[in-house]
Amino acid sequence: MIDPFQTLFAVPLECDACVQDISNSLKKLPGILSVDANLQKQLVTVEGTAAPSAIVSAIQDTGRDAILRGSGKSNSAAVAILETHAKDTPSPVRGLVRMVQVSSKLTILDLTLQGLSPSTYYATIRTAGDISRGAASTGDVWGRQESEKGEAVDVPPRGNFGSIGVGKSGTASVLLDKPIQVWEIIGRSFVVSKERDGCFKPDDPDTVVGVIARSAGVWENEKTVCSCSGKTIWDERKENIGRGMV
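Here the structure is a predicted model, which means the values were calculated and not measured.

Draft legend 1. Up close: the packing of aromatic side chains. Summed over the entire model, instances satisfying the criterion amount to one aromatic pair. Ring centres of Phe161 and Phe190 lie 6.2 Å apart, and the angle between their planes is 45°; this geometry places the pair in the tilted category. Residue Phe161 is found in strand 10 (residues 160–166), and its partner Phe190 is found in strand 12 (residues 189–193); the two are separated by 29 residues along the sequence. Accessibility classification places Phe161 together with Phe190 in one group, the buried group. Lying over the aromatic face of Phe161, Lys178 brings its terminal NZ or CZ to 5.4 Å of the ring centre.

Here it is in C-alpha cells:
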C-alpha cells in the first residue's frame, strides 16, 4: 500500500473561482486527502495516494492544463534529456524524462518521446553515466540483484521500467513509478531502446540516452530544462505539444 505523498503542479489560475473549480474536480478522485492552490504562484499542491496522471486528467477536465513540477522537497527531482547518437541527425533530441521522488519509497517518472519508429521500446536506468558511445557505453541495467554467493537472482533489476508502445505518430507519453530514491540514480544514464538488456548500436536512431542530473531549478522557478533559455514552463509546453510531445 502506498503511503500518502504530496505532488506539486503548475496550473494557470485566474481567480478564486478557478481554484474552487479545480479543487472540486480533484476531490472527486479516490485517495485525495487535501488540495491547496496558490493563486499568485499558479501552483496546486495535492496530498494523497492518487496517481499524478489521474490528477492531471482531473485538472484538464476543468479546461485547464497542468504540469507536474515536483514534490516540494529539496533534492527530490532529476531530469534527463534523451538524444540519439546516430550520425547526421538534424534534431538529435528525441525525449525527456522528469523524475520526482514523492515519498521515501516512491519516485515517479514522467517520460515523453518523439521522432521514434513505431515499435515496442524498453526504458532502463543503466549503471554508468558514460554516454560517449551512446547507450553502448552505459553498462548493465542498474540494480541487478545477486545472492550471497554472487549469483544473479531471478527478479527484475531495479532499473528496469518495462515496455513502452510507440505508435504511428512516433510519440509516447507515460508516467512510470518505482520504489527508488532520486539520490541513487543521479549521474547514471537513462536509456530507451528496442533492445531490452543491451547490445546497443552506437548509431541506432531509435535508441536514445541521457545522463540523469539533479534538477532543483526545474521545479523551483519558472524556467524548465535549461535556465539560460529564458522560456517559461508554458512556453516549452506549447513547443513540446507542437512537436508531438506532451
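Draft legend 2. Here's a closer look at the environment of Val46. Turning to its location among the elements, Val46 is positioned in strand 3 (residues 43–48). Separated by twelve residues in sequence, Val46 and Ser34 place their C-alpha atoms 5.9 Å apart. Every residue in contact with Val46, bar those within four places of it in the chain, is listed here: Phe5, Gln6, Thr7, Phe9, Leu26, Ile32, Ser34 and Ile55.

Draft legend 3. Representation of helix 2 (residues 52–60) within the structure. When helix 2 is considered as a whole, its buried residues turn out to be Pro52, Ile55, Val56, Ala58 and Ile59. For helix 2, the arc enclosing every buried residue in end-on projection is 160°, short of the 170-degree limit, so these residues lie on one face.

Draft legend 4. Molecular detail of the pattern of salt bridges. Following the criterion strictly, the structure yields four salt bridges and no others. Across the pair Arg144 and Asp140 runs a salt bridge, and its minimum N-O distance is 2.9 Å. Asp140 sits in the partly exposed class, given a relative accessible area of 34%. With its nearest N and O atoms 3.0 Å apart, the salt bridge here joins Glu184 to Arg158. Note that Glu184 is positioned in helix 3 (residues 182–185) and Arg158 in the loop between strand 9 (132–135) and strand 10, a separation of 26 residues in sequence.

Draft legend 5. Representation of the packing of helix 1 (residues 16–26) against helix 2. Two numbers describe how helix 1 lies on helix 2: the axes approach to 9 Å, and their chain directions differ by 135°. One finds that helix 1 runs oblique with respect to helix 2. Read as a crossing pair, helix 1 and helix 2 show a hand that is right-handed. Every residue of helix 2 that contacts helix 1 at Ile22, Ser25 and Leu26 is listed here: Ile55, Ala58 and Ile59. Looking at the contact of helix 1 with helix 2, its residues break down into five nonpolar, one polar and no charged.

Draft legend 6. Quick look at the pairing of strand 13 (residues 208–211). Relative to strand 13, strand 5 (residues 77–84) runs antiparallel, the two sharing two bridges. When the bridges of strand 13 are listed, Glu83 appears paired with Val209. Of the pairings in the sheet, the one linking strand 12 to strand 13 comprises four bridges and is antiparallel in character. Bridge pairing in strand 13 places Ser189 opposite Val211.

Basis of the calculations
Starting afresh in each chain, residues are numbered from 1 along the sequence in its written order. With pLDDT at 70 or above as the cut-off, local features in this predicted model cover only qualifying residues; side-chain atom pairs require 80 or more to be listed or tallied, and sums for whole chains, interfaces and linings still use all residues. Only heavy atoms go into the side-chain values, all of them from the structure, while hydrogens and water stay out. We call Phe, Tyr and Trp rings a pair once their centres come within 6.5 Å, taking the six-membered ring for Trp, and we label the pair stacked below 30 degrees between planes, edge-to-face above 60, and tilted otherwise. Secondary structure follows DSSP: runs of H or I at least 4 residues long count as helices, runs of E at least 2 residues long count as strands, and numbering of each begins at the N terminus. Burial classes: relative accessible area under 20% of the type maximum marks a residue as buried, over 50% as exposed, and values in between as partly exposed (1.4 Å probe, protein chains only). In this scheme, Lys NZ or Arg CZ marks a charge over a ring once it lies within 6 Å of the ring centre and within 35 degrees of the ring normal. A contact between two residues is defined here by any heavy atoms of the two lying within 4.5 Å. Arc definition: it is the arc formed by the directions from the helix axis to the C-beta atoms. Just to be clear on terms, a salt bridge is a Lys or Arg side-chain nitrogen sitting within 4 Å of an Asp or Glu carboxyl oxygen. Angles run from 0 to 180 degrees between N-to-C directions of axes, and those axes are lines fitted to C-alpha atoms, restricted for helices to the stretch in contact. Any angle that is under 35 degrees is reported as roughly parallel, and any over 145 degrees as roughly antiparallel; angles of 65 to 115 degrees are reported as roughly perpendicular and all others as oblique. Definitions for this section: a left-handed crossing has its near helix turned counterclockwise from the far helix by less than a right angle. A right-handed crossing has that turn clockwise. Each residue receives one of three labels: charged for Asp, Glu, Lys and Arg, nonpolar for Ala, Val, Leu, Ile, Met, Phe, Trp, Tyr, Cys and Pro, and polar for the others, Gly being one of them. Two strands are said to pair when DSSP picks up at least two bridges between them.

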